[in-house]
Amino acid sequence: MRLRNIPEAKTVVANSRFVVQEPESRKGSWKTDGRELMIEIGMGKGKFIIEQAQQHPETDFLGIERYESVLFRACNQMEGIPVRRPGEPEQPEAFIAPQNLKFLSMDARLLPDVFADGEVDRIFLNFSDPWPKARHAKRRLTYRDFLKLYEQVLKIGGMVEFKTDNRPLFDFSVEEFREYPGFELQSVSYDLHRDPELMKDNIMTEYEKKFSALGNKICRLTAVRL
């Protein structure tokens, strides 16, 4: 992935009230008052996780993004600074940041350092980098080494939800979940937007809107932690 350098990104992320610094110190204490904890890995600019938090104030959410130049944009949005491209209209009304959402600037490989066993209720993976070359398969967020990490931090009965428009990556991911003993596939859709039942609660990411507008089929799977 090629990212644009944003000089102020590191400072903004380090000082944002919405970014948890030293998250390892919170291991085992993320959940309070019996609330569910849901995380998105590779949250990008934050559209999906922010809307999830807005729609479900009874649940706690954490957005994980390793690239500060990307997380920077989500921090700005939470501060009410419009995130838009040149020529797009301003946001029609003031943005109110959801109080049940925080961000983590970290690599997904560190999940067991940040979360206790079974501490997470649900993991979202949305339009992850496909790493199309075979020699890079181990970097895919649905590779079995990552599934092992998810199994560790998810509660029994917890769920992973994965969406992508990349069919080779989706086929790879389905097989990884099928072959991994710690998960059971619950649902597999090769054309999410044509399934009215699955679309009822679907929140579209920026990539999802972009790719579906181009006619790309959106694939989605859910897998339950055994």
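Preceding this section is the structure that the text describes.
This text gives an overview of the structure that appears in the document. Nothing here was measured: the structure is a model prediction, and the numbers come from that model.

**What to know about the overall build of the protein**
Looking only at helices and strands, the protein features eight helices and seven strands. With the C-alpha coordinates aligned to their principal axes, the bounding extent of the protein is approximately 45 × 45 × 35 Å. Burial statistics for the protein: of 226 residues in total, 48% are counted as buried. In the protein, the share of contacts with a sequence separation of at least 24, taken over all contacts with a separation of at least 6, comes to 77%. When the accessible area of the protein is evaluated, it comes to approximately 12200 Å², of which 49% is carbon and sulfur surface.

**A look at the sheet that holds strand S6 (residues 183-189)**
Strand order in this open sheet of seven strands is S3-S2-S1-S4-S5-S7-S6, and the pairing throughout is mixed. Each having just a single partner strand, strand S3 (101-104) and S6 make up the two edges of the open sheet. Within the sheet, the average angular offset between the axes of one strand and its neighbour, ignoring direction, is 20°. Where strand S1 (residues 37-41) lies against strand S4 (residues 120-126), four bridges are found, and the strand directions are parallel. From the neighbouring strand, Glu40 faces S4, where its bridge partner is Phe124. The strands touched by helix H6 (residues 167-179) are strand S5 (154-164), S6 and strand S7 (219-225); relative to S7, the strand with the most contacts, the crossing angle is about 15°.

**Quick look at the nonpolar core**
Counting 37 residues, the largest nonpolar core has Ile41, Leu111, Phe115, Ile123 and Tyr150 as its most contacted members. Mapped by element, the contributors of at least two residues to this core are S1, strand S2 (60-64), helix H4 (111-114), S4, helix H5 (144-153), S5, H6 and S7. Among all residues touching Ile41, those that are not within four sequence positions of it are Ile64, Ala108, Leu111, Ile123, Phe124, Leu125, Leu141 and Tyr150. If you look at the next biggest cluster of nonpolar residues, it comprises 23 residues, including Met43, Phe61, Phe72 and Phe103.

**Considerations on the pairing of S1**
Burial runs high along S1: five of the five residues are buried. Of the two faces of S1, the one carrying Leu37, Ile39 and Ile41 and the one carrying Met38 and Glu40 are both buried. Where S1 and S2 come together, five bridges link them in parallel fashion. By the bridge assignment for S2, Leu37 is matched with Asp60. A crossover links S1 with its parallel partner S2, the connecting element being helix H2 (residues 47-55), and its sense is right-handed.

**Let's talk about the pattern of salt bridges**
Enumeration over the complete set of coordinates arrives at 17 salt bridges. Residues Glu176 and Arg144 are paired through a salt bridge, measuring 2.7 Å at the closest nitrogen-oxygen approach. Separated by 32 residues along the polypeptide, Glu176 in helix H6 and Arg144 in helix H5 bring together distant segments of the chain. Across the pair Asp191 and Arg194 runs a salt bridge whose closest N-O atoms are separated by 3.3 Å. Among the residues examined, Asp191 registers a relative accessible area of 19% and is labelled buried. Beyond isolated ion pairs, a larger network of salt bridges with shared partners links Lys31, Glu36, Asp121 and Lys155.

**Quick notes on the environment of Ser16**
When you line up the elements, Ser16 lands in the loop between helix H1 (9-15) and S1. On the basis of relative accessible area, Ser16 is assigned to the buried category, the value being 9%. Through-space distance from the C-alpha of Ser16 to that of Thr59 is 22 Å; in sequence the pair is 43 residues apart.

Conventions used here
Residues numbered from 1 in each chain as written. Predicted model: local features only at pLDDT ≥ 70, side-chain atom pairs only at ≥ 80, totals over all residues. Heavy atoms only, no water. Helix = DSSP H or I, 4+ residues; strand = E, 2+ residues; numbered from the N terminus. Buried < 20%, exposed > 50% of the residue type's maximum accessible area, 1.4 Å probe, protein only. Contact = heavy atoms within 4.5 Å. Areas by Shrake-Rupley, 256 points an atom, 1.4 Å probe, with all protein chains shown as cover. Pairing = 2+ DSSP bridges. Axes fitted to C-alpha atoms, helices over the stretch in contact; angles between N-to-C directions. Core = buried A, V, L, I, M, F, W, Y, C linked by side-chain atoms within 4.5 Å. Right-handed = clockwise from strand over helix to strand, strands pointing away. Salt bridge = Lys/Arg side-chain N within 4 Å of Asp/Glu carboxyl O.

Function cannot be read off these values alone, since they describe shape.
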